[in-house]
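Descriptive analysis of the structure
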Amino acid sequence: MDFNLKKLTSDAGVFFTRAVQFTEEKLGSAEKTELDAHLENLIARADCTKNWTEKIFRQTEVLLQPNPSARIEEFFYEKLDKKIPSRTTNGELLGQYMLDAAKDFGPGTPYGSTLITVGEYQSRLGGAEREFLQTSAINFLTPLRNFLEGDWRTISKERRLLENRRLDLDICKARVKKAKQAEAKAAAEQELRVAQTEFDRQAEVTRLLLEGISSTHVNHLRCLHEFVEAQATYYAQCHQYMQELQKELSSANSDTYPNSFASNANPSTSATCPSPVSSNILPGVSPPCLASTSTPGIAREPSGPLKIQDVQQPSTGHRKAKVLYDYDAHDTSELSLLADELITVYTVPGMDPDWLVGERGNQKGKVPVTYLELLS
């Protein structure tokens with residue numbers, strides 16, 4: 001008991017002396033032994049490695065497990081050295097819901113059979129995700145965690161010990177300077193030699209540990225390659241599954257609804273949709289597409305719209321029309337329009353019924369009917 005009490009008192013005295021030395025150094029009233037440049041560079045490199053490894057580790061955890069509650073649960077299982085329970089992925093859960101829904105809707109119905117197909121592929125996607133999570137946790141997260149919880153803790157411990165040895169060395173240097181009598185000075189110099197030896201030895205131990213950071217980088221580089229390979233394999237599997245699913249759905253649709261994608265329009269009819277550009281168009285409202293139908297007797301360019309010179313025949317039905325939307329002419333045969341303006345319109349024999357001839361002063365050209373409100 002007496003020994004322990006003496007040791008406790010001695011430790012308290014050493015701690016107090018070091019605290020005084022540290023405070024005086026911060027205040028600039030005491031000299032501080034500086035580490036050599038190589039050791040300082042190693043320390044800075046180690047701190048940088050630790051900080052970025054920690055950030056990459058935490059963010060990878062978030063990537064692999066976005067749910068913070070699940071991450072906390074996994075953390076406690078690891079600390080208790082217990083096996084983490086198997087967790088259903090979101091894809092597997094969605095697939096199971098689809099399969100259960102298909103049973104209620106009827107597997108023989110188009111919707112039910114499609115739910116079964118999609119549900120099975122969602123389960124496959126979930127399985128691929130599970131494999132990716134497990135592989136990444138083993139090959140990437142675990143090495144980073146081992147560095148932070150193992151090697152770095154050892155380095156931190158030795159660095160604290162080095163700092164204590166430095167403080168002891170500077171305390172001995174101060175005592176040598178303050179010693180007046182020969183005996184006191186001799187004793188102080190002996191303590192200084194011992195402190196210098198312990199400091200040099202601890203500096204060497206710390207240096208060797210810090211130089212091991214290079215090996216840590218090599219190990220983490222290898223783990224990074226494995227993580228990327230796991231990601232590439234996972235995304236390739238997902239892409240393959242989705243392509244197979246699309247093919248199955250396309251095949252099922254063509255068998256169930258053979259005419260669902262067939263057009264009932266005349267082969268000579270093509271859809272054209274003038275592009276409204278006015279800011280006056282009502283939100284959510286866009287003009288309908290127009291059908292441009294080939295009309296016998298009307299000359300057309302092979303890939304262009306009907307030209308205004310091709311319809312210079314006796315006109316009929318002159319009347320006023322209000323423009324509903326802005327319209328930019330696509331070629332010289334058309335007339336550009338401004339919303340809310342009034343123009344004169346009429347038709348000519350053989351002209352596409354979805355278009356009229358519009359006049360504004362000396363300007364004339366085709367205009368789409370859907371952009372107009374005909375006035376009586």
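Residues numbered from 1 in each chain as written. Predicted model: local features only at pLDDT ≥ 70, side-chain atom pairs only at ≥ 80, totals over all residues. Heavy atoms only, no water.

1. Quick look at the confidence of the model for the chain
The criterion, for reference: The predictor's confidence in any single residue is recorded as pLDDT, a number from 0 to 100. Put simply, DSSP marks the helices as runs of H or I at least four residues long and the strands as runs of E at least two long, and each gets a number from the N terminus on. Residue contacts are defined here by distance: any two heavy atoms, one from each residue, within 4.5 Å place the two residues in contact.
Chain-level pLDDT for the chain is 81 on average; 76% of the residues reach the 70-or-more range. Ranking the helices and strands of the chain by mean pLDDT puts helix H2 (residues 37-64) first, with 95, and strand S2 (residues 290-293) last, with 41. Taken together, the stretch residues 258-286 has pLDDT below 50 and engages in 37 contacts with residues farther than four places along the chain or on a different chain. Contacts for the low-pLDDT stretch residues 288-313, under 50 throughout, to residues beyond four places or in other chains number 56 contacts.

2. Quick notes on the environment of Asp-36
Note the threshold: Any pair of nitrogen or oxygen atoms within 3.5 Å is treated as a polar contact; in protein, a donor-acceptor pairing is required on top of that, and neighbouring residues in sequence qualify only through side-chain atoms on both sides.
With respect to the helices, strands and loops of the structure, Asp-36 is situated in the loop between helix H1 (2-27) and H2. At a separation of 3.2 Å, a polar atom in the side chain of Asp-36 contacts the main-chain amide nitrogen of His-38. For Asp-36, the side chain forms a polar contact with the main-chain nitrogen of Leu-39, separated by 2.9 Å.

3. Section: unusual backbone geometry
Not every positive phi belongs to a glycine, and Asp-340 is a case in point at roughly 80°. Topologically, Asp-340 is positioned in the loop between strand S3 (316-323) and strand S4 (342-347).

4. A few points about the nonpolar core
The condition is simple: Nonpolar cores were defined as sets of buried Ala, Val, Leu, Ile, Met, Phe, Trp, Tyr and Cys residues, with membership established by side-chain atoms within 4.5 Å. In this scheme, a residue with accessible area under 20% of its type's maximum is buried, one over 50% is exposed, and one in between is partly exposed, where area comes from a 1.4 Å probe on protein chains only.
By size, the foremost hydrophobic cluster in this structure holds 40 residues, and its most contacted members are Leu-35, Leu-39, Phe-132, Leu-162 and Leu-210. At the level of elements, H2, helix H4 (90-105), helix H5 (110-178), helix H6 (182-211) and helix H7 (213-256) are the ones that each hand at least two residues to this core. Of the residues forming this core, the biggest block, 17 residues, is contributed by H5. Those residues in contact with Leu-35 that sit more than four places away from it in its chain are Glu-40, Ile-43, Leu-162 and Phe-199. Residues Ala-321, Tyr-327, Val-348 and Tyr-371 belong to the second largest nonpolar core, which totals 17 residues.

5. Focus: the side chain of Thr-53
As for its placement among the helices and strands, Thr-53 is situated in helix H2. Those residues within four positions of Thr-53 in sequence are excluded, and the remaining contacts are Leu-144, Phe-147, Leu-148 and His-220.

6. Section: the environment of Ala-203
In this structure, Ala-203 sits in helix H6. Residue Ala-203 is classed as buried on the basis of its relative accessible area, which comes to 13%. Taking the C-alpha atoms as reference points, Ala-203 and Arg-159, separated by 44 residues in sequence, lie 8.5 Å from one another. Those residues in contact with Ala-203 that lie beyond four places of it in its chain are Leu-39 and Leu-162.

7. Remarks on the packing of H2 against H5
Here is the rule: Lines fitted to C-alpha atoms define the axes, with helix axes restricted to the stretch in contact, and inter-axis angles between N-to-C directions lie between 0 and 180 degrees. Comment on the angle field: the value is read as roughly parallel under 35 degrees, roughly antiparallel over 145, roughly perpendicular from 65 to 115, and oblique elsewhere. Crossing handedness: left-handed means the near helix sits turned counterclockwise from the far one by under a right angle, and right-handed means the same turn made clockwise. Classes in brief: Ala, Val, Leu, Ile, Met, Phe, Trp, Tyr, Cys and Pro nonpolar; Asp, Glu, Lys and Arg charged; the others, Gly included, polar.
Two elements in contact, H2 and H5, have axes separated by 10 Å at closest approach and are oriented at 150°. The pairing of H2 with H5 is recorded here as roughly antiparallel in orientation. Here H2 and H5 pass one another in a crossing that is left-handed. A per-class count over the contact of H2 with H5 returns 16 nonpolar, 4 polar and 6 charged.

8. Side note on the pattern of salt bridges
Should their charged atoms come close, side chains of opposite charge can pair. To keep it simple, the criterion reads: Salt bridge, as applied in this entry: a Lys or Arg side-chain nitrogen positioned within 4 Å of an Asp or Glu carboxyl oxygen.
Inspection of every chain in the model, using the stated rule, returns 16 salt bridges. In this structure, the salt-bridge partner of Arg-58 is Glu-61, at a minimum N-O distance of 3.5 Å. Of this pair, Arg-58 and Glu-61 both sit in helix H2, 3 residues apart, which is roughly one turn of the helix. Residue Glu-163 is joined to Arg-166 by a salt bridge in which the shortest nitrogen-to-oxygen separation is 2.8 Å.

9. Some thoughts on the packing of aromatic side chains
Note the cut-off: Centres within 6.5 Å are what make two rings of Phe, Tyr or Trp a pair, Trp counting through its six-membered ring; a difference in plane orientation under 30 degrees is then read as stacked, over 60 as edge-to-face, and the rest as tilted. To sit over a ring, a charge needs its Lys NZ or Arg CZ within 6 Å of the ring centre and within 35 degrees of the ring normal.
Applying the stated criterion across every chain, the model contains 8 aromatic pairs. Residues Phe-147 and Trp-152 carry aromatic rings whose centres are separated by 6.3 Å and whose planes lie at 50° to one another, so their mutual orientation is tilted. For Phe-147, a relative accessible area of 2% puts it in the buried group. When the ring of Tyr-234 is compared with that of Tyr-235, the centres are 5.2 Å apart and the planes differ by 45°; the resulting orientation is tilted. The ring of Tyr-121 has Arg-124 sitting right over it, with the charged end atom 4.5 Å from the ring centre. Between the NZ or CZ atom of Lys-366 and the centre of the ring of Trp-355, over which it lies, the distance is 4.8 Å.

10. Details of H5
Condition: Given the number of residues in a helix, its expected span is that number minus one, multiplied by 1.5 Å. Here the bend at a residue is taken as the angle between two axes, fitted respectively to the seven residues that end there and the seven that start there.
With 69 residues, H5 should reach 102 Å at 1.5 Å per residue; the first-to-last C-alpha distance of 97 Å fits that figure. The largest bend in H5 amounts to roughly 40° and is located at Ala-137.

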